[in-house]
Structures are given as C-alpha cells and as structure tokens.
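# Residue-level structure breakdown
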Amino acid sequence: MLDRIDQHLQPNLKALNLRAMRSEVLAANIANADTPNYKARDFDFRAAMAGVMSAARLGMQRTSPSHIEQRGASPGMPRLQFRAPVQPSIDGNTVELDAEISRFSDNAIRYQVALTFMNSRINGLRTALTGQ
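Now for a description of the structure that goes with this document. Each chain carries its own residue numbering, running from 1 in the direction its sequence is written. Predicted model: local features are reported for residues with pLDDT of at least 70 only, side-chain atom pairs are reported and counted for 80 or more only, and whole-chain, interface and lining totals are derived from all residues. For side-chain calculations, the full set of non-hydrogen atoms in the structure is used, while hydrogens and water are omitted.

Right, let's talk about the packing of aromatic side chains for a bit. Stacked, edge-to-face and tilted are the three classes for Phe, Tyr and Trp ring pairs, Trp counted by its six-membered ring, which pair at centre distances within 6.5 Å; planes under 30 degrees apart are stacked, over 60 edge-to-face, the rest tilted. For the structure on display, the rule yields zero aromatic pairs. Between R19 and the ring centre of F45, over which it is positioned, the NZ or CZ distance is 3.6 Å. Should the NZ of a Lys or the CZ of an Arg lie within 6 Å of a ring centre and within 35 degrees of the ring normal, that charge is described as sitting over the ring.

Written out as structure tokens, the structure is:
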C-alpha cells in the first residue's frame, strides 16, 4: 500500500525537487550579476521533468547485493545550459538581472503551485484513509 501512495505522490515530489534546483541555479545567477566573465546558466524544466520521469521508469535495480551499484550522473537530472544574453556585457558577464529576477519569481510561484498540489493530494489521501 505504501508503494502505491509513493507512486501517487512521485510526480509532484519530483516537480518540487526540480523547482528547488532551478531556484538555486537562478539564485546563483543573480548573486553573480556583477562577477566578470560569469556565464548565466539555466535548464529547461519541461525537458528535465520528462527526463526524471522516464529515468524513474527505466532505472536500474539491484536484485542482488553482489551487483555493482550504478554511479555517475543520474540519467534524468537536468542538464545546465548557458544562456545567450540579449545585451552582452563588456566584462563578459551574461547575467541580465531583470530577466533573472523575473525567472526566479516565476519559478517561485510555480514552486508554490506544485506545493499546493502536493498538499491537496496528501489531504485527499488522508480523507480516503480516515473516511471523513
């Protein structure tokens, strides 16, 4: 039964984790807005979410303790890409502060939405289990 509950919550949990990762990347861009030669980075959330969901279905399982554990980058983790600036800076910095703040705010709102959906699913499960 717990595995079914886990399966029910996995998409929302994965979305929350990716949103948190993206917040860190965007916050690093904002923090380095004045750093010479800093290159702004980001990742495509939709592609990352699709990758994480497909990796969950296709992941390797250890069926014996003698099997070698998989190491290295997870196949479904987001791939950071450099962003091409609209207005290049003289010092080589590609962070456009207004655009980064806008992306960060949009991501924060979407994180809150994903959190609300997760809370709604948990409340639905609680109602189903308690019968209220």
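Further remarks concern the environment of R121. Each helix corresponds to a stretch of at least 4 residues labelled H or I by DSSP, and each strand to a stretch of at least 2 residues labelled E; elements are numbered beginning at the N terminus. In this fold, R121 is placed in helix α3 (residues 97-130). Spatially, the C-alpha atoms of R121 and L9 are 7.3 Å apart, while their sequence positions differ by 112 residues. Pairs of residues are marked as contacts when any of their non-hydrogen atoms sit within 4.5 Å. For R121, the residues in contact, after removing those within four places along its chain, are H8, L9 and N12.

If the charged atoms of two oppositely charged side chains come close together, the side chains can form a pair. In the sections that follow, a salt bridge refers to a side-chain nitrogen of Lys or Arg positioned within 4 Å of a carboxyl oxygen of Asp or Glu. Taken as a whole and assessed by the stated rule, the structure comprises five salt bridges. Residues R22 and D42 are paired through a salt bridge, measuring 2.8 Å at the closest nitrogen-oxygen approach. With a gap of 20 residues between them, R22 in helix α1 (residues 2-31) and D42 in strand β1 (residues 41-42) connect regions that are remote in the sequence. Using a relative accessible area of 11% as the deciding quantity, one classes R22 as buried. Only protein chains enter the accessibility calculation, which uses a 1.4 Å probe. A residue is then buried if its area is under 20% of the maximum for its type, exposed if over 50%, and partly exposed in between. The class for D42 is buried, based on a relative accessible area of 10%. Salt-bridge contacts for R83 lead to D42; the nearest nitrogen and oxygen are separated by 2.6 Å. In this pair, R83 is assigned in the loop between β2 (81-82) and α3 and D42 in strand β1, connecting sequence segments 41 residues apart. Taken together, the salt bridges that share partners define one network made up of R22, D42, R83, E100 and R103.

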